[in-house]
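Overview (structure and organization)
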Amino acid sequence: MQRKSLFLRFSAGFGFLFLYAPIIALIIYSFNKSKLVTVWGGWSLKWYSELFQNDQIIDAALLSLKIAFISATVAVVLGTMAGYVLSRFGPFRGKMIFSGWITAPLVMPEVITGLSLLLLFVALEGMFGWPSGRGTGTIIIAHVTFCMAYVAVIVQARLSSMDETLEEAAMDLGAKPSSLFFLVTLPLIAPAIISGWLLSFTLSLDDLVIASFVSGPGNSTLPMVIFSKVRLGVTPEVNALATIMIAIVAIGVIAAMFQMRRQARLLAKLD
Amino acid sequence: MTSSQPIDTQNATATANSNVPLWKQQDAEPFLKIENITKKFGEFTAVDNISLDIYKNELFCLLGGSGSGKSTLLRMLAGFESPTSGRILIDGVDMAGVQPWKRPVNMMFQSYALFPHLSVADNVAFGLKREGASKHEVKKRVAEMLDMVQLGHLGKRKPHQLSGGQRQRVALARSLVKRPKLLLLDEPLGALDKKLREETQFELINIQEELGVTFVVVTHDQEEAMTLSTRIGVMNHGVIVQTDEPHDVYEYPNSRFVAEFIGSVNLFEGKVVEDQPAHVRIDSAEAGGTLFVNHGISCAPEQIVHVALRPEKIKISHNRPDQTENCIQGVIEEIAYMGSLSVFKVRLPSGKEVRVTQPNFTRHMGERFTWEDKVFLSWDEDSSVVLTS
Amino acid sequence: MSISTGSVWVDGSSSRMQRYNIFRRVNWGRFAVVAIPAFWLGIFFFIPFLVVFKISLSETAIAVPPYTPLLEWDLEEAYINLKISLGNYLYLLEDAFYLEAYLSSIKIAAISTFFTLLIAFPIAYLIARSDGSRRALLLALVILPFWTSFLLRVYAWMGFLKKNGIVNEFLLSLGIIDQPLVMLQTDFAVYLGIVYTYLPFMVLPLYSALEKMDMTLLEAAEDLGCRPAQSFFLITLPLAIPGIVAGCLLVFIPAVGEFVIPALLGGSDTLMIGRVLWDEFFLNRDWPMASAVAIVMLIVLVLPIMLIRNGQGKGEAI
């Protein structure tokens, strides 16, 4: 029944290898004792201990986590609103423009977004005195702006795949639109909101270009520090940092998968 | 086979040899020969050692429930599955190892499988273009085919712009345009609503007769099988249980499975008490008496058998009819008025429920029946069939 | 999509009427739900482009901020001075460097997009044809790298492609080459980096297009005389076109303006417009010129951006 030729398997396998080989190599070399990145000098946790003694990296990481947390939270609120408007509000004046605005940040080259936001901040400061100087606040605003687009699209996709009669049933049973949203719609789109938050968090944690434009002096985020380091070449500390970040993500994703599988099994048992 | 040759069809077909269907002629060469085909998926046997001969110009129906193996058999004919063992010969050619795109066979899919990105005309032309037919030839044959299915004016439309019935006809035209020797149809009318299905059934028969193509149809719908086919093969658990003309399958089922699968039937369990070449008597506690059937059976003495009796063969009356054999008494428990006929459920003293249908001859039934009426049920001696399996 | 929006319109308008009539009070809430995100995006996404456009028409100056004002006025002296400079745009046209940078960006983005498609297609096809838990696993494997840092994934390739990096060591040890290949800091490395980092954006829309395809269509094609290879080109490929278009746009548009990949993997001669903009801004501190570069890039990309009506493919997949 399933037609999967050898050619298909081989080329897809090549694709997966391509996807993972560099990451795996990076992880292995993070445990390399040798300072020379490509010479294997035996297993060691040396670079991890050096990483944790590097205040510049630690500070930048803490700043990035703070920015990512706030940005993701605000982006989820705004993005959920926008996604709800897109899929449940029907036509209204300016909907085309609205949906265009929502999705454009997804593909807009980062250099353009970064430059335009910076120039806006400068102009606003000149006119209203706000924001005075640039730093954490401006980075958060910038991150919220492009993260909310992702959240909006995820929430919209979830809502349009969801049965609208559930909401109609709630209305039929006397739920007003406001309580309808909090009692029925919100719990149903919760998975989309959670993945929207996680995605926003990662995107914010990962952003180099936009943050470089809109940050002020002394506000170096983690990607900015990494970039300035790796620009000069491969450094073992960054390997260790990358391994830690990849491990956190992998654990998170595996945990999510297990959770989903457990739920599926539970459902199967109920049947 | 329990029933020997049915008497009426024998008389009708004995006149001229040319009128005798091919499958009744001793020396006729089958067009499609299926020899001991078995198909296993892992441990599961989908098709279990089936042998079947299908003759030219037949419209053969494979009838069975889901999981009976009918679709697997059809897919093996098309070449999408290869048999685990056995042979398939089409027009004398062994199909083993012949790829689907090289077989002289076309298939009409249950979902129609119309290519959504191609227009109706391009869908129909698809097969011809693969043969390398000339542009002119393709155009001509596509137009002919679309006219035949009365869609000549819709050639430029895309499949999603058609109604269900129109799509079905495009699928038919597409599968016929290459003039296959054998056309396989998988639930050809399954997706149509009842009214359309009835109309389309007759169209399908007309087209088949006009083109002289051999059809093998897979269906789970017994009515469809009855109206369409020259012969029916009833399938169950990967085996063909009975192969006969529609009339014989209905009137002379060879097993309880076939009797119950096709139409509805009342079954009385009983013991053979008198076994003669031309008749048998069966003592049935369920029926509350002895049942007389005017055909002989081959069985052991005192064997437990079932007497099958179709609901429409039973007469129902308030007064005792003047016949001694095959007359039993019961109480009406339920009545369903269905317009053209009425259905009664009659409870016998043994507790057995008997289903009886009566055509509604007049607007007001001459003899009105109501709940709790005590009634007599009677039938002719040639109305019932004895089933040994 | 066009069909489903039709029904949404009908449903939406009826429910809106209902709400107008019965729940008059909540219209404020409704207004707020539209207005807040729209307001945010208006200020922080749309207006910035106007600002960029404005600044692209001024000249660089030694000041804070480092550009000349477009409009100067003095009410007491009663003069208004509007000074629009097209100098930046003229310079963009005159200096072949910029034109080359744009063309080279488009070329690099296009070639990378093509190879991304080539690698993504079998993966998407395999996932779409797998069943149940296997499908979920493969899909997760494609998405997983997307959740890890983009910057670090680009960085991983640096260790791979270096002169004494893993690929060279491997090939040398096998004796396939006797001199290390120069791979890092070449256009090749940039192609590789773009293909690598954008692969999920191509796989996911392709997968969602292929997954919708009815497998019996391929059987029907074979039944009508098509060999498997032929049916791929006649059936599978045409039906995957929406996914191909969406995936290519999702890769091509950001790739044109890519900065990190050419900066880390490209050579000094790898010309990409994102890098030019970055340098104008951070090295030359010529904000007006950087703005003009951005505006022209936007004009180049406006058509493909319009083509993505909604980021559906991306959202669904994530």
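For clarity, every value in this text was computed on a predicted model and none was experimentally measured.

A short note on the overall build of chain B
Tallying secondary structure elements over chain B gives nine helices and 20 strands in all. Overall size of chain B, expressed as C-alpha extent along the three principal axes, is 75 × 50 × 50 Å. Relative to its 389 residues, chain B shows a buried fraction of 49%. Nonlocal contacts in chain B, meaning residues at least 24 apart in sequence, comprise 66% of its contacts between residues at least 6 apart.

A word on the overall build of chain C
Of regular secondary structure, chain C possesses 14 helices and two strands. Out of the 318 residues belonging to chain C, those deemed buried represent 55%.

Section: the UniProt feature "transmembrane region" (unreviewed entry) in chain C
Residues and elements named next belong to chain C. When the UniProt feature table is mapped onto this chain numbering, "transmembrane region" (unreviewed entry) sits at residues 28-51, 108-128, 137-158, 188-210, 231-253 and 290-308. A distance of 31 Å separates the end C-alpha atoms of residues 28-51, which is 100% helix and 0% strand. Strand forms 0% of residues 188-210 and helix 100%; the C-alpha atoms that close the span are 30 Å apart.

Some points on the packing of helix H10 (residues 228-256) of chain C against helix H13 (residues 287-307) of chain C
All names here are of chain C. Packing of H10 against H13 brings their axes to within 10 Å, and their N-to-C directions diverge by 155°. Looking at the two axes, H10 sits roughly antiparallel to H13. Both H10 and H13 take part in a crossing whose hand is left-handed. Listed contacts from H13 to Leu249, Phe252, Ile253 and Val256 of H10 are Leu301, Pro304, Ile305 and Leu307.

Thoughts on helix H6 (residues 136-160) of chain A
Residues that lie three or four places apart on an α-helix share one face, since the helix turns once every 3.6 residues. All names here are of chain A. Across its 25 residues, H6 extends 35 Å between first and last C-alpha, which sits within 8% of the 36 Å expected from 1.5 Å per residue. At cysteine 147, H6 is deflected by roughly 25°, the largest bend along its length. Most of H6 is tucked away: 22 of the 25 residues are buried.

Comments concerning the packing of aromatic side chains
One pass over the structure, following the stated rule, counts 36 aromatic pairs over all chains. Cluster of aromatic residues (ring-pair linked, three or more members): Phe213 and Phe227 of chain A together with Tyr67, Phe259, Trp278, Phe281, Phe282 and Trp287 of chain C. Above the ring of phenylalanine 126 of chain B, the side-chain terminus of arginine 130 of chain B is found at 4.7 Å from the ring centroid.

Side note on the domain arrangement of chain B
Residues and elements named next belong to chain B. Assigned domains of chain B: these are domain 1 (26-256) and domain 2 (265-387). The gap between the C-alpha centroids of domain 1 and domain 2 is 39 Å. Listed per partner, the contact involves seven residues of domain 1 and seven residues of domain 2. Roughly 670 Å² of surface becomes buried between domain 1 and domain 2 when both sides are summed, with 56% attributable to carbon and sulfur atoms. Ranking the residues of domain 1 by area buried against domain 2 places Tyr250, Glu251 and Arg256 at the top, with a combined share of 73%. Here lysine 313 ties to glutamate 251 by a salt bridge, and the two come within 3.1 Å at their closest N and O atoms. One can count three residue pairs in polar contact (both at pLDDT 80 or more) joining domain 1 with domain 2. It is helix H8 (residues 246-251) that provides the largest number of residues to the side of domain 1 that touches domain 2, a total of three residues.

So, the interface of chain A and chain C
On the side of chain C, 102 residues touch chain A, which itself brings 92 residues to the contact. For the pair chain A and chain C, the two sides together bury roughly 9,000 Å², of which 79% comes from carbon and sulfur. Together, Phe18, Trp101 and Val107 of chain A form the three largest contributors to the area buried by chain A at its contact with chain C, with a combined 8%. Along the contact surface separating chain A from chain C lie six residue pairs in polar contact (both at pLDDT 80 or more). When residues in the side of chain A that touches chain C are grouped by element, the largest group, 16 residues, is from helix H1 (residues 6-30) of chain A. A per-class count over the side of chain A that touches chain C returns 68 nonpolar, 17 polar and seven charged.

Considerations on empty space enclosed by the protein
According to the stated counting rule, one finds seven cavities of 30 Å³ or more in the structure shown. Its volume calculated, the largest cavity comes out at about 530 Å³. If you trace the largest cavity, you find 33 residues lining it, with Glu110, Tyr150 and Leu203 of chain A together with Phe150 and Phe201 of chain C closest to the centre. Looking at the lining of the largest cavity element by element, the count peaks at four residues for helix H8 (residues 177-206) of chain A. Partitioning the lining of the largest cavity into residue classes produces 21 nonpolar, six polar and six charged.

A closer look at the pattern of salt bridges
The full count for this structure, using the stated rule, is 22 salt bridges over all chains. Two residues, glutamate 125 of chain A and arginine 134 of chain A, come together in a salt bridge whose shortest N-O distance is 4.0 Å. For glutamate 125 of chain A, a relative accessible area of 28% puts it in the partly exposed group. We note a salt bridge from lysine 313 of chain B to glutamate 312 of chain B, for which the minimum N-O separation is 3.4 Å. The partly exposed category is assigned to lysine 313 of chain B, whose relative accessible area is 22%. When its relative accessible area of 38% is taken as the criterion, glutamate 312 of chain B is described as partly exposed. Each of Glu35, Arg87 and Asp94 of chain B takes part in salt bridges that share partners, so that together they form one network.

What counts and what doesn't
- Residues numbered from 1 in each chain as written.
- Chains lettered and ligands numbered in written order.
- Predicted model: local features only at pLDDT ≥ 70, side-chain atom pairs only at ≥ 80, totals over all residues.
- Heavy atoms only, no water.
- Helix = DSSP H or I, 4+ residues; strand = E, 2+ residues; numbered from the N terminus.
- Buried < 20%, exposed > 50% of the residue type's maximum accessible area, 1.4 Å probe, protein only.
- Contact = heavy atoms within 4.5 Å.
- UniProt positions renumbered as here; feature names shortened; annotations may be inferred.
- Axes fitted to C-alpha atoms, helices over the stretch in contact; angles between N-to-C directions.
- Parallel < 35°, antiparallel > 145°, perpendicular 65-115°, else oblique.
- Left-handed = near helix turned anticlockwise from the far one by under 90°.
- Expected span 1.5 Å × (residues − 1).
- Bend = angle between axes of the 7 residues up to and from the residue.
- Phe/Tyr/Trp six-rings, centres within 6.5 Å; stacked < 30°, edge-to-face > 60°.
- Lys NZ or Arg CZ within 6 Å of the ring centre and 35° of its normal.
- Domains from an automatic or database assignment.
- Buried area = accessible area lost by both parts, 1.4 Å probe.
- Salt bridge = Lys/Arg side-chain N within 4 Å of Asp/Glu carboxyl O.
- Polar contact = N/O pair within 3.5 Å; in protein donor to acceptor, adjacent residues only side chain to side chain.
- Nonpolar A, V, L, I, M, F, W, Y, C, P; charged D, E, K, R; others polar.
- 1 Å grid on protein atoms, 1.4 Å probe; cavity = no way out; pocket = protein on both sides within 12 Å on 5 of 7 lines; lining within 4 Å.
- Points joined across faces, edges and corners; volume = space filled by probe spheres on them.

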